[in-house]
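Close look at the chain arrangement
Okay, here's what each chain looks like letter by letter:
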Amino acid sequence: MIEQAFFLVLAGVTLGAALGVVTARSVFVSALWLVLSFLGIAGLYVLLDTGFLAVIQVLIYVGAISVLILFAIMLTRNIMVGERATNNQWAMGLALALALFGTLAAVGHQADWRLNDAAVVPAAGGLVLTGDSLAERATVPGALVIQDEAGAPTVAASGNIATLGRAFMSDYLLAFEVAAVILLVALLGAIVIARE
Amino acid sequence: MPAVPVWWYLIVAAGLFCIGLYGALTRRNAINVLMGVELMLNGVNVQTVALWRYVTPAVALDVNGATGRFVTAVDGLAFAMFVIVLAAAEAAVGLALIIAIYRSRRSVRMDEFALLHG
């Protein structure tokens, strides 16, 4: 129940601040609402047991991207004060956004998501064994190996961050390197484009 | 069974995406359009992480003093990380473009950016 209460508060803050972003007349006020919305999303990540992603969210979105946006606002300041904030297709945009939201909400509510309740292994069932030799197989401190009835290891599981680190260095190695190159190119591109 | 049903997260994610879409489609200031795009990317991330958290097989245990939720795969988490990386790159280049156009045209109004219009 307390988790649901926290969720409702965080969801209200996130969506309310997001509405503030798109309705505020001043672009500066919009940016401040955006910061609040990012913080609410970080709270949702904590509720989802992904504290690492919450920290990343605060560091990159609240820390870096928001400051970047505020810099851009300062550099282009007072350019649109007193003007209309929306263009003349706002009615069409509103209709499209509402229709899409209705569709997405209906799908999210109705679909059978095959939740992982059945996959949670009971600790007392004799299926989960731990020990030095098994931990060695998993190669990560604090990891655990799930065995089948015959005693053969079937699944190696560990905490979020350890698994994520291994995934970046194995399954997603190519994507990881490409992301690094993209960041470098974006860095150079931003400098070249914005230079006098 | 977690206390919060997964579709609550999906509705919040859909709301973020659609609010961002509305902002990106209707605002005149280019910086506001970029904010709308950031909101859309965040909505996608919330949805990815929520579905990953609720669908990926996991074990909730206390093992050798290490309590917590043990997972077998981090597909959704890795996907969300790459989305954050690309969003950061997009924000940097996008804001640099806005500043460059502002320098040459003294404007950040989207409807005046028609240099490539035939």
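Residues numbered from 1 in each chain as written. Chains lettered and ligands numbered in written order. Predicted model: local features only at pLDDT ≥ 70, side-chain atom pairs only at ≥ 80, totals over all residues. Heavy atoms only, no water.

1. Section: the overall build of chain B
Assigned secondary structure in chain B consists of three helices and two strands. Going residue by residue from the N terminus, the α and β elements of chain B occur as α-α-β-β-α. Out of the 118 residues in chain B, the part that is buried amounts to 60%. For chain B, long-range pairs separated by at least 24 residues make up 56% of all intrachain contacts whose partners lie at least 6 apart in sequence. (Helix = DSSP H or I, 4+ residues; strand = E, 2+ residues; numbered from the N terminus. Buried < 20%, exposed > 50% of the residue type's maximum accessible area, 1.4 Å probe, protein only. Contact = heavy atoms within 4.5 Å.)

2. Observations concerning the overall build of chain A
Within chain A, the regular secondary structure consists of seven helices and three strands. When the helices and strands of chain A are listed from N to C terminus, the series reads α-α-α-α-β-α-β-β-α-α. Out of the 196 residues belonging to chain A, those deemed buried represent 35%. A separation of at least 24 residues holds for 34% of the contacts in chain A among residues at least 6 apart in sequence. For chain A, the exposed surface amounts to about 11300 Å²; the carbon and sulfur share of it is 70%. (Areas by Shrake-Rupley, 256 points an atom, 1.4 Å probe, with all protein chains shown as cover.)

3. Focus: the packing of aromatic side chains
Taken as a whole and judged by the stated rule, the model has eight aromatic pairs over all chains. One aromatic cluster in this structure is built from A:Phe7, B:Trp7, B:Trp8, B:Tyr9 and B:Tyr54. If you follow B:Arg53 out to its NZ or CZ, it ends over the ring of B:Tyr54, 5.6 Å from the centre. (Phe/Tyr/Trp six-rings, centres within 6.5 Å; stacked < 30°, edge-to-face > 60°. Lys NZ or Arg CZ within 6 Å of the ring centre and 35° of its normal.)

4. Quick notes on the interface of chain B and chain A
If you look at the interface, chain B gives 80 residues, while chain A gives 96 residues. Carbon and sulfur atoms make up 76% of the surface buried where chain B meets chain A, a total of about 8100 Å² over both sides. Put simply, chain B and chain A have one salt bridge between them. For the side of chain B that touches chain A, the secondary-structure elements that each account for two or more residues are helix H1 (6-26), helix H2 (30-55), strand S1 (58-63), strand S2 (66-71) and helix H3 (75-105) of chain B. (Buried area = accessible area lost by both parts, 1.4 Å probe. Salt bridge = Lys/Arg side-chain N within 4 Å of Asp/Glu carboxyl O.)

5. Some thoughts on the confidence of the model for chain A
On average, residues of chain A carry a pLDDT of 81, and 75% of them reach 70 or more. Ignoring residues within four places in sequence, the model shows residues 118-139 of chain A, a span with pLDDT below 50, making 34 contacts including any to other chains. (pLDDT = per-residue confidence, 0-100.)

6. Details of the side chain of B:Arg27
Along the chain, the position of B:Arg27 falls in the loop between H1 and H2. On the accessibility criterion, B:Arg27 (3% relative accessible area) is buried. A polar contact is formed between the side chain of B:Arg27 and the backbone oxygen of A:Val22, at a distance of 2.6 Å. Here the side chain of B:Arg27 touches A:Ala24 through a polar contact of 2.6 Å, landing on its backbone oxygen. For B:Arg27, the contacting residues outside a window of four places in its chain are A:Val21, A:Val22, A:Thr23, A:Ala24, A:Arg25, A:Ser30, A:Ala85, A:Thr86, A:Asn87, B:Asn32, B:Val33 and B:Met110. (Polar contact = N/O pair within 3.5 Å; in protein donor to acceptor, adjacent residues only side chain to side chain.)

7. With respect to the confidence of the model for chain B
All names here are of chain B. Taken as a whole, chain B shows an average pLDDT of 85; of its residues, 85% reach a score of 70 or greater. S1 is the least confidently modelled element of chain B, averaging 60 in pLDDT, while H1 averages 94, the highest of any element. Reported for the predicted complex are a pTM of 0.84 and an ipTM of 0.88.

8. Describing the pattern of salt bridges
Within this structure, the stated rule accounts for one salt bridge over all chains. In this structure, A:Asp49 and B:Arg53 form a salt bridge, with 3.2 Å as the shortest nitrogen-oxygen distance. Of this pair, A:Asp49 sits in the loop between helix H2 (27-47) and helix H3 (51-75) while B:Arg53 sits in helix H2, which puts the two residues in different chains. The class of A:Asp49 is partly exposed, set by a relative accessible area of 36%. B:Arg53 gets classed as buried once you look at its relative accessible area, which sits at 12%.

9. Some details on the environment of A:Gly63
Topologically, A:Gly63 is positioned in helix H3. Considering only alpha carbons, one finds A:Gly63 and A:Tyr45, 18 residues apart in sequence, at a separation of 17 Å.

10. As for the packing of helix H7 (residues 173-194) of chain A against H3(B)
Relative orientation of the contacting elements H7(A) and H3(B) amounts to 15°, with a least axis distance of 9 Å. Between H7(A) and H3(B), the angle falls in the class roughly parallel. Between H7(A) and H3(B) the crossing geometry is left-handed. For the pair H7(A) and H3(B), the contacting residues are A:Ala175, A:Phe176, A:Ala179, A:Ile182, A:Leu183, A:Ala186, A:Ala190, A:Ile193 and A:Ala194 in the first and B:Phe82, B:Val85, B:Leu86, B:Ala89, B:Ala92, B:Val93, B:Ala96, B:Leu97, B:Ala100 and B:Arg103 in the second. By residue class, the composition of the contact of H7(A) with H3(B) is 18 nonpolar, no polar and one charged. (Axes fitted to C-alpha atoms, helices over the stretch in contact; angles between N-to-C directions. Parallel < 35°, antiparallel > 145°, perpendicular 65-115°, else oblique. Left-handed = near helix turned anticlockwise from the far one by under 90°. Nonpolar A, V, L, I, M, F, W, Y, C, P; charged D, E, K, R; others polar.)

11. Here we look at H3(B)
With 31 residues, H3(B) extends 44 Å between its outermost C-alpha atoms, agreeing within 8% with the 45 Å of an ideal straight helix rising 1.5 Å per residue. Positioned one or two residues after H3(B), B:Arg106 has a phi angle of 55°, which is positive. (Expected span 1.5 Å × (residues − 1).)

12. Regarding the environment of A:Ile56
Mapped onto the elements of the fold, A:Ile56 is located in helix H3. Residue class for A:Ile56 comes out buried when judged on its relative accessible area of 14%. Residues A:Ile56 and A:Thr103, spaced 47 residues apart in sequence, show a C-alpha to C-alpha distance of 30 Å. Setting aside chain neighbours within four positions, we find A:Ile56 in contact with A:Tyr61, B:Met81 and B:Ile84.

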